[in-house]
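Spelled out, the chains give:
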Amino acid sequence: MGETDVRLDQVTKRFGDVLAVDDLTLQIDQGEFFSLLGPSGCGKTTTLRMIGGFEDPTAGVIHLGGKDVTNLPPYRRNVNTVFQSYALFPHLDVFENVAFGLRRHHVDRQEIKRRVGESLTLVDMPGLERRKPGQLSGGQQQRVALARALVNEPKLLLLDEPLGALDLKLRKQMQLELKRIQKDVGITFLYVTHDQEEAMTMSNRLAVMRHGKIEQIATPEEVYEHPATEFVAGFLGASNLLEGEVKSRHAGVADVVVEGGSTVTVPDASLNGSESRVKIGVRPEKIRLEEDEGEPPSGWNSVRGVLQIATFVGVSHQYTVDGPAGTTLTVYAQNLGSGANVAPGDRVRLLWRPEHTFVVRPSEPLAEWEEEQ
Amino acid sequence: MSIVATRDASLVEGWGGPKQTRKQRRLRRFVLPIYSALVILYLLTPIFIIVLYGFNQTSPKKVAFRWGGFTLRWYRKAFVLSGLTAAFKNSLMIAAISTIIATILGTLVALALFRYRYRGKGATEGILFANIAAPEIVLGASLLSLFVLFGVPRGIRTIIIAHVMFNIAYVAVTVRARMAGFDRAIEEAAQDLGANPLQTFIRVTLPLIFPGILAGALLAFALSIDDFIITNFVSGAVETFPIWVYGAV
């Protein structure tokens, strides 16, 4: 990686009274598969459209490959886009659709023929050059849209929810294809999606956005294991959150007293600043559930609760536990054939390793309009 | 669909079912074409009669709507009446010029209405509709008083202005109908692939809306050739084809 390909400096976009993108700063490296992930209305598509040149930033600067492109129109940027609606030209056949960009750049005819052929092979669509877009299935149109963008060998490919219109099975398949193609061509991909699983599967790094701001930029593992905010913790996978107060800090760890009086140990690094009221979290699959008998083992964090519901889902058992101070906690236990011997109504304790604990900045709960997509 | 299906099912259950279904199907196969033929006949009959009279052997002294035998005489003498020929030429020229101007302006109006939100958009739409809905006698009278007020001499120019005026609305409405469902992302895609705004218009937008533009132009041409009432108000001494025909009958 290394070389920076895309740089956004304090970019802001307003539509009238609406602040769509709020003082956003972001760097994407050459060859990276980078995702912008967030609920609808979080500003991810607006960010992508500003990089593509379809919207002018209200403030801030956009650099592509070290060049300031903030005021350049789309046709002067070495960037191509795969649109959510594919936006294929309905009056042109597949060949001419793919050749469109090359023709605008006066590439000679032999070269056009060769490169269109190559890029259609790359997306696994040879032999349909004379079809019109209307005669193709959704998945095929998707591939043509991709070939049409890639044939120009852009420095950066923008993808705006490109798999949103495909059914689940095809989407899974195209996710892997996209990843393979990105590896083959080595072009930087900037991928916009509201599907957290998609972003996790495909990205080298991802930025989780909300209300026009970036909540966290990191690798998928980092975002999942150490979400920075309550919103990120909830948007990517399930998580259990408990409010608590920092009691003491020593030797890289901190002791936090959580609701209900238990003391849990968290890595000091995840605490930022000198706050004393914090929210700590742990992923459901990191928790071990057992009967609450005797002393909890040392070296483990532990909270008590009452088992409410036990569900068997084949690969795992899922438990819903009434935790301290009215919280509801979730536990996923892999089905290893030796599940905890507990029944609803039993007193249980939840154990997890201190290093699996994360501390998040509190966020407002997800509004209803953000969830629809 | 469901009604047909139920009926078929009940017939299959009863005696002689399949035969009746086939009968029904045959009926359906005949009724629609016959109905279509009748509609076409009804629409074409007046035109056919006019064409037929072009070959009718009658006395040139009086107009007789009676069949007097086949002749090509009228076609040999098509351009004998100088007034008619001049009027016909006027009509063709006025139609051609006003169609070109109205098609360009009307298409631009349609594009603006489709693309932008602006102050006066609602008013523009209202005016287009009013232009189509208003009685021709009102348009003609108001145009005439306008020309008189500004001392514009009536002639070919005022006729062209009048025809452009009422044709813009028809072209705009037709082109706009074609643009319904037009995905703006297609234009963005063209720009994304390196086409400047002009290339985008010529290579992408224009080919996609061209059927609408062509339909609008044909409509405008026909309306211009055909128009009598408005033209009669603003024509001054110039005779167009409909005006000549009206005067000749």
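Structure shown above.
Now for a look at the structure at hand. (Residues numbered from 1 in each chain as written. Chains lettered and ligands numbered in written order. Predicted model: local features only at pLDDT ≥ 70, side-chain atom pairs only at ≥ 80, totals over all residues. Heavy atoms only, no water.)

1. Regarding the packing of aromatic side chains
All names here are of chain A.
Next, step 1: The final tally for this structure, using the stated rule, is ten aromatic pairs over all chains.
Next, step 2: Ring geometry for phenylalanine 89 and phenylalanine 100: centres 4.5 Å apart, planes at 45 degrees, overall tilted. Taken together, the residues span a long stretch of sequence, with phenylalanine 89 in the loop between β6 (79–82) and α2 (94–104) and phenylalanine 100 in helix α2 at a distance of eleven residues.
Next, step 3: With relative accessibility at 0%, the residue phenylalanine 89 sits in the buried group.
Next, step 4: Consider the rings of phenylalanine 231 and phenylalanine 235, whose centres lie 5.4 Å apart with planes at 25 degrees: the pair is stacked. Here phenylalanine 231 and its partner phenylalanine 235 are both found in helix α8 (residues 230–235), four residues apart, which amounts to about one turn of the helix. Exposure class is identical for phenylalanine 231 and phenylalanine 235. Each is buried.
Next, step 5: An aromatic cluster of three or more residues is present, and its members are Phe33, Phe189 and Tyr191.
Next, step 6: A cation over a ring is seen here: arginine 148 above phenylalanine 89, with NZ or CZ 4.8 Å from the ring centre.
Next, step 7: Across the ring face of tryptophan 300, the terminal group of arginine 288 is positioned such that the distance to the ring centre comes to 4.8 Å. (Phe/Tyr/Trp six-rings, centres within 6.5 Å; stacked < 30°, edge-to-face > 60°. Helix = DSSP H or I, 4+ residues; strand = E, 2+ residues; numbered from the N terminus. Buried < 20%, exposed > 50% of the residue type's maximum accessible area, 1.4 Å probe, protein only. Lys NZ or Arg CZ within 6 Å of the ring centre and 35° of its normal.)

2. Remarks on the environment of glycine 134 of chain A
Next, step 1: Tracing the backbone shows glycine 134 of chain A in the loop between α3 (109–122) and α4 (138–150).
Next, step 2: It is 37 Å that separates the C-alpha atoms of glycine 134 of chain A and histidine 211 of chain A, two residues lying 77 residues apart in sequence.

3. So, the sheet that holds strand β10 (residues 213–218) of chain A
Note on sheets: strands pair through backbone hydrogen bonds, and any given pair is parallel or antiparallel.
All names here are of chain A.
Next, step 1: Taking strand neighbours across the sheet as the criterion, the six strands line up as β6-β7-β8-β3-β9-β10 in an open arrangement whose pairing is mixed. Of all the strands in the sheet, just β6 and β10 have a single pairing partner and so form its edges. For this sheet, the mean inter-axis angle between neighbouring strands, taken without regard to orientation, is 20 degrees.
Next, step 2: As defined by bridge partners, strand β7 (residues 156–160) adjoins strand β8 (residues 188–193) across five bridges and the pair is classed as parallel. Bridge pairing in β8 links leucine 156 to threonine 188. (Pairing = 2+ DSSP bridges. Axes fitted to C-alpha atoms, helices over the stretch in contact; angles between N-to-C directions.)

4. A few points about the packing of α2 of chain A against α4 of chain A
Residue and element names in this part refer to chain A.
Next, step 1: Axis separation between α2 and α4 bottoms out at 7 Å; the angle between their running directions is 30 degrees. The orientation of α2 relative to α4 falls into the category roughly parallel. Where α2 crosses over α4, the two elements pack in a sense that is right-handed. Across the interface between the two elements, Val94, Asn97 and Val98 of α2 pack against Val144, Ala147 and Arg148 of α4.
Next, step 2: Across the contact of α2 with α4, the residue classes tally to four nonpolar, one polar and one charged. (Parallel < 35°, antiparallel > 145°, perpendicular 65-115°, else oblique. Left-handed = near helix turned anticlockwise from the far one by under 90°. Contact = heavy atoms within 4.5 Å. Nonpolar A, V, L, I, M, F, W, Y, C, P; charged D, E, K, R; others polar.)

5. Observations concerning the pairing of strand β2 (residues 18–29) of chain A
Residue and element names in this part refer to chain A.
Next, step 1: Pairing between strand β1 (residues 4–15) and β2: eight bridges, direction antiparallel. Residue pairing for β2: threonine 4 is matched across the bridge by aspartate 29.
Next, step 2: Connecting β1 to the antiparallel partner β2 that follows it, the hairpin turn spans two residues, and glycine 16 within it adopts a positive phi of roughly 60 degrees.

6. Regarding the sheet that holds strand β14 (residues 277–282) of chain A
All names here are of chain A.
Next, step 1: Ordered by their spatial adjacency, five strands build an open sheet running β13-β12-β11-β14-β20, and the pairing between neighbours is antiparallel. Of all strands in the sheet, those with a lone pairing partner are β13 (263–267) and β20 (358–360), marking the two edges. Between one strand axis and the next, the sheet turns through 50 degrees on average, direction left out of account.
Next, step 2: Alignment of strand β11 (residues 240–250) against β14, held across six bridges, turns out to be antiparallel. Across the sheet, residue leucine 242 finds its bridge partner in β14, namely isoleucine 280.

7. Remarks on helix α7 (residues 156–179) of chain B
Next, step 1: In this model α7 of chain B runs 34 Å from its N-terminal to its C-terminal C-alpha over 24 residues, within 8% of the 34 Å that 1.5 Å per residue would give.
Next, step 2: Following α7 of chain B by one or two positions, glycine 181 of chain B has its phi on the positive side, about 85 degrees. (Expected span 1.5 Å × (residues − 1).)

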